[in-house]
Amino acid sequence: MSDCENGSVIGKSVPRIDAYDKATGKAKFVEDYQSQFKNLLHVKVLRSPHAHARLVKIDTSKADALPGVVTTIKGNDIDVPWFYIPYASTYYGNPARDEVIWAGQAVVAVAAESIEIAEQALELMEVEYELLPYVTDQEAAFGPDAIPVVDPSLGIDAGYQGPQAEGPNVLQSYKMTLGDVDTAFKEADVIIEGKFTNDKKSTAAIECNGAVVEYNSDGGITMYTNGCGAHGVVKAKLVSIFPTLTDSNCRVIQPFQGGSFGNRLFPTIEPLAALMALRTKRNCSYVLTRKEMFTSSPSNWPCVTTLKLGAKKDGTLVAEQFKLVENVGASMNNVYDGRLSGSGLLCVYKVPNVVADGYAVSTNTVPCAPYRGLGCPESEWAMENLMNDLADELGMSPVDIRLKNFIKKGEENAYGEKLTSTSVAACLKNVAEAIKFDEPSEQEPGPWRKGKGVAVGGKQNTPLGRAEADVLVHSDGSIELLISCDEQGMGVQTALAQMAATEFQIPFESIKVTRADTGRTPYDNFGASSRTTYTTGNAVIIACQDAIAQLKEAAGRDVGVAAKQVTIRNGSAYIVGSNTEEIPIADLFKPFSFFTQQTWGLLKGTPVRGRGVFCPAPAVEWFGPGHEDGRTPRMWNWYQFSAYAVEIAVNIETGQIKLLKLVSAADTGNPINPKLVEGQIDGGVMMAFGFAVMDGHIYQDGKLVNASFSDYRVPTFLESPLQKDFVRVIEPDALPDGPYGAKGMAESIMIPVGPAIAAAVKQAIGVRPTVMPMTAERILALIKDKEASK
C-alpha cells in the first residue's frame, strides 16, 4: 500500500489492523484464556427470582458439602469496605446483603472446580424471601407517594444524598431555564405538545461479560477482562475496593473485545471475580450466561418525555418546555439526574425560551448503564416526532422546518455553549435528496402501505478525562504505539495507527499497536461518549511529536546542526545545512561500547519513548449559587449530529414494518478512515432499527420474561434492505481541537432512526406512533383504533 500525498493516510480506508487475527480465529477473547490456567475455579451466582424481597434466610450447607465446591459467598460474608457502600450491590453485581431490589440481583456466589459443579451447587441452595412491594414503571415510581424501590423500614435512603423532594425514588434532577417561556407561548402562533415513551432494552451484544483472574504469589492478581477501561474503570475500582491490591500487584489485561455499546462500562463482574480469587487463592473465571446478560447486566435508561413546542407561522421555534423522567432501574447512584437524556432536547435546534425538567428515577428493574447514545435516542424520539407534527400543523416540509431552526456553527445553544462544529444541515439535505423525499411513495396492490420519513439527531460528548499514549521508536527504526483505550469492534486502533503513520510519514503497515495492559500501556479512562478517537487520538499525536523531537535532536547532534534543521519521514532523518543529507533512524542508535561515553544519545536496544497526555477542558459548574438557571458555557465538550431518511412499508393486516430504502448521514468531523465510519453507520442503523421496532424488555409480575434470544427480538440480515437501497453519507465539518479535525460519530447514528420510521408510518397509515419500539402488535392496535374511530 502506498501513502497518499505528503505521507498522510488520514482520510484513507486502510485495512483494519486486527482483521487478520479476527478473520482467522487467531484473536483471543476473554473465554479463550480459561484454557491457559490449570486448576481454574468457575464462579456462578444464584439470583433473585423476585423484584423486591427481604432476605430472611440463606442456607448454603448442602452446596458447601458438594464435592468440588471450594467456597460460597453471601453478601453478609463480605468484609471489604467497598461492599458496605449503600446499594453497591445494585451497581456492581456483588451478592445482596439484606434485600434484593430487582429480579436478577445476585444472592449467593459459588466457586467450584467446574461449571457443572457450580451450577449443581446453585440448585442445592435454599433461600427464604419475604416479598415486598415493587414498582417497575418510572411514572409509577415518580412522586412522593410512590412505592419505595428500597424498603424504607431498613432505614436506607434511595440515593447517596437521600431522597429528593419529588419522591423516595427520585435520585437527582436537572432543571434549566432560558428566557421567558410563558410569554413566548402566549405569543406563539401555534403550540403543539405530546407525550412519548420507550421501553427498557438490553444491548444484546454477542459476547457475554467475562473475566479470568490469575492469583499471583505476591497476593496480587492479573485479570483478563472484556470490561471497559482497563486503567480508569477496572483497575481503579479493584484497587479502591480490596486493601491487599495495589497499583503494583493488580494488573488488568484487556484481550480482544466484542461489542459492548455501554453495557460493560461499569465493573459488574470484575469485583466478584477478584474477590473469589483473593478468597480462595486460586485462579478463577466468571462469565455471565446469556440469560444473565438480560437480567443482571445493565440496560438502557428509557424516558417518558412530555414535550411542548411553540412556533411562529413561518416555522420559527420560540418556546420549548419539557419534563423528562428516565428509568434508571435498580441503580442507586445520584450521578443520574436527567441531564444526559435531556441534552438531546437542547442541542439541535435554536430555541430562545426554554424550561427543562429532567429526573432520574429508580425502579425494581434491571439497573441501567450507558447505552449507545446515552439517553439521546430515547429523548429525541419525542423532539423529532413533535417536529414532524409541527411541520404537518403548519403545512411545511419536515426538511424545511428543520433547516430553519438548526443551531449554526458559532451560535449558542440553550445551555449557553458555543457550537464549534456541525454539518447537520448538510446531512439532512443529503438524506432527503437521496431518498427523493419530496416524491410520494408508489403504492402497490395488497396489504402493504408505503411511506417516507426524515429526522435528525444530536449527541453530546462528555469531557470524560485523561488519555495517555506512548510511542516507542525501536532501534531497528520500527514504531510501536502503546495505548489503553477500549477497542470494541469500531476499529479505533486502526484509526490511531493511521495518525501515528501520518505523523512519522511512514507506511501504515509499519505501525505496531500494543493495547490495554496496565502492566505495560499507559493510562486511559474508558471508551464512552464517542470520546476515543478525539481524546486518545490527540494523545497519540502529542506522543508522536515528542518522539520525533527526540529523533531530531539525536540526528542534529550526530552531524552538528540544530534540531530544527531535521525532518523525520520514511524511516530516516533528513537534514538541511549539512553535507550529511540523510541518516536512517536505525543508524541513530549506537551499539554498546567500552570506549564511548553513552550517558547521552540513543543506544541500541533502548527505544525512544514519546509521551502524550491529553484531557479535554473540564465542564463549568451549572449548579449552586449564581447558577440558579442551570446554564453554563461548558456543559459538554462538543456535539455530533446525524440525519436519516427512510422508506418503509407497513402491513395493515399484521402491523409489520419493513425497511425498503434508507439513507444515513454522519457528521464526523474529518473522517480518519471512511470505511470504518461506514461500518459504524451500518451497525448503528440496524441496531437502531431494532431499538425502534423490535427489541424491548417485557416484565410480568416484576420479572423480565423475554431474557433470551428466542424471545428478545433483534434484527437479522433479513430485516436489512439490499445494499443498493442502503445508502451511507459522510458529511465532514472539522472539529477545531480534534485530531486532524476528527470527532466521534457512532452514537448519533442511533438517534433519528426511530422518529424517521414513525414519520413514515404516519404517512403510510395516517397515525403517528408515540411508543417505541413500534412493534407489530402496537402498530396493528393503532390501525384498529383508527378504523374504530371512523
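Throughout what follows, the structure given in this document is the object of discussion. (Residues numbered from 1 in each chain as written. Predicted model: local features only at pLDDT ≥ 70, side-chain atom pairs only at ≥ 80, totals over all residues. Heavy atoms only, no water.)

## Quick look at the pattern of salt bridges
Spelled out, the test is: For this analysis, a salt bridge means a side-chain nitrogen from Lys or Arg found within 4 Å of a carboxyl oxygen belonging to Asp or Glu. Strands here mean DSSP runs of E at least two residues long; helices mean DSSP runs of H or I at least four residues long; both are numbered from the N terminus. Between buried and exposed lies partly exposed: a residue is buried under 20% and exposed over 50% of the maximum accessible area for its type, with that area taken using a 1.4 Å probe on protein chains only.
What the rule picks out here adds up to 35 salt bridges. With a shortest N-O distance of 3.2 Å, Asp 558 and Lys 590 are connected by a salt bridge. Of this pair, Asp 558 sits in helix α15 (residues 532-559) while Lys 590 sits in strand β23 (residues 589-590), placing them 32 residues apart in sequence. Look at Asp 558 and you get partly exposed, because its relative accessible area is 39%. Each of Arg 466, Glu 468, Asp 470, Arg 609 and Arg 611 takes part in salt bridges that share partners, so that together they form one network.

## Let's talk about the sheet that holds strand β13 (residues 303-311)
Operational definition: Should DSSP find at least two bridges between two strands, the strands are taken to pair. Between two residues, a contact is recorded if the distance between any of their heavy atoms is within 4.5 Å. The axes used here are C-alpha line fits, helices contributing only the stretch in contact, and every angle between their N-to-C directions lies in the interval 0 to 180 degrees.
A sheet is described by the order of its strands in space; here 6 strands give the open sequence β7-β15-β14-β13-β8-β31, paired in mixed fashion. Edge positions in the sheet fall to β7 (170-178) and β31 (771-772), since each of these pairs with one other strand and no more. Relative to β13, strand β8 (residues 190-198) runs antiparallel, the two sharing 8 bridges. Counterpart to Glu 193 in the pairing with β13 is Lys 308. This element, helix α11 (residues 376-394), spans β8, β13, β14 (317-327) and β31 of the sheet and lies at about 145 degrees to β8.

## Details of the environment of Val 45
Among the structural elements, Val 45 can be located in strand β1 (residues 41-47). Residue classification places Val 45 among the buried residues on the basis of a relative accessible area of 6%. When the C-alpha positions of Val 45 and Gln 545 are compared, they lie 49 Å apart, and in sequence the two are 500 residues distant. When residues no more than four places from it in sequence are discounted, the contact partners of Val 45 are Ala 106, Val 107, Val 108, Ala 109, Leu 122, Leu 272, Tyr 286 and Glu 292.

## Re a nonpolar patch on the surface
The line we're drawing: Residues forming no salt bridge and having over 30% relative accessible area are the ones grouped into patches, like charges within 9 Å of each other and nonpolar side chains (Val, Leu, Ile, Met, Phe, Trp, Tyr) within 5 Å. Shrake-Rupley sampling with a 1.4 Å probe provides the accessible areas, and residues are treated as covered by the protein chains on show and by no other component.
Together, Phe 592, Phe 594 and Phe 595 give the surface a local cluster of nonpolar side chains, amounting to about 510 Å² of exposed area. Relative to the helices and strands, Phe 592 is located in the loop between β23 and β24 (602-603). Assessed through its relative accessible area of 59%, Phe 592 is described here as exposed.

## Thoughts on the sheet that holds strand β21 (residues 572-575)
Pairing in this open sheet of 3 strands is antiparallel, and the strands run β20-β21-β22 from one edge to the other. Each edge of the open sheet is held by one strand with a lone partner, namely β20 (566-569) and β22 (582-584). In this sheet, adjacent strand axes meet at a mean angle of 20 degrees when their direction is disregarded. Here β20 runs beside β21; their pairing, made up of 4 bridges, is antiparallel.

## Here we look at α15
Basically, it comes down to this: Take the residue count of a helix, subtract one, and multiply by 1.5 Å to get its expected span.
Helix length check: α15, at 28 residues, gives a terminal C-alpha distance of 40 Å against a target of 40 Å (1.5 Å per residue), a fit within 8%. Positive phi appears at Gly 560, one or two residues downstream of α15, with a value of about 80 degrees.

## Here's the deal with the pairing of strand β12 (residues 284-287)
Looking along a regular strand, one sees the side chains alternate between the two faces of the sheet. With burial as the criterion, each face of β12 is covered, one bearing Cys 284 and Tyr 286 and the other bearing Ser 285 and Val 287. In this sheet, β12 lies alongside β1 in parallel orientation, the contact comprising 2 bridges. For His 42, the partnering residue across the bridge sits in β12 and is Ser 285. In terms of strand pairing, strand β9 (residues 210-215) meets β12 through 4 bridges, oriented antiparallel.

## Structural notes on a negative patch on the surface
Keep this limit in mind: For the purpose of counting charges, residues Lys and Arg are taken to be positive, whereas Asp and Glu are taken to be negative. His and the chain ends are not included. Charge positions come from single atoms, namely NZ of Lys, CZ of Arg, CG of Asp or CD of Glu.
A cluster of acidic residues, Asp 400, Asp 438, Glu 439 and Glu 442, forms a negative patch at the surface. Following the sequence through the fold, Asp 438 ends up in the loop between α13 (424-434) and β16 (448-461).

## A look at the packing of helix α12 (residues 398-405) against α13
Heads up, the condition is: Angles are sorted into four bins: roughly parallel if under 35 degrees, roughly antiparallel if over 145, roughly perpendicular if 65 to 115, and oblique for all others. Gly is put with the polar residues, along with every residue not named as nonpolar or charged; the nonpolar set is Ala, Val, Leu, Ile, Met, Phe, Trp, Tyr, Cys and Pro, and the charged set is Asp, Glu, Lys and Arg.
Following both chains from N to C, one finds α12 and α13 inclined at 170 degrees, their axes separated by 10 Å at the closest point. One element, α12, and the other, α13, form an angle in the roughly antiparallel class. Facing α12, whose interface residues are Val 399, Arg 402 and Leu 403, α13 presents Ala 425, Leu 428, Lys 429 and Ala 432. A class-by-class count of the residues in the contact of α12 with α13 yields 5 nonpolar, no polar and 2 charged.

## Some remarks on unusual backbone geometry
The omega torsion across Met 772 and Pro 773 is 15 degrees, close enough to zero to call that bond cis. For Pro 773, the position within the fold is in the loop between β31 and α18 (776-788). Even without being glycine, Asp 701 reaches a positive phi, approximately 55 degrees. Here Asp 701 shows up in the loop between β28 (699-700) and β29 (703-704).

## A look at the packing of helix α16 (residues 674-693) against helix α17 (residues 753-765)
The criterion, for reference: By definition, any crossing whose near helix is turned counterclockwise from its far helix by less than a right angle is left-handed, and any crossing with a clockwise turn is right-handed.
In the contact formed by α16 and α17, the axes pass within 8 Å of each other and the chain directions differ by 60 degrees. Viewed along their axes, α16 and α17 adopt a mutual orientation that is oblique. Seen along the crossing, α16 lies across α17 with a hand that is right-handed. Of the residues in α17, those in contact with Val 685, Ala 688, Phe 689, Ala 692 and Val 693 of α16 are Val 753, Gly 754 and Ile 757. Of the residues belonging to the contact of α16 with α17, the class tally is 7 nonpolar, 1 polar and no charged.

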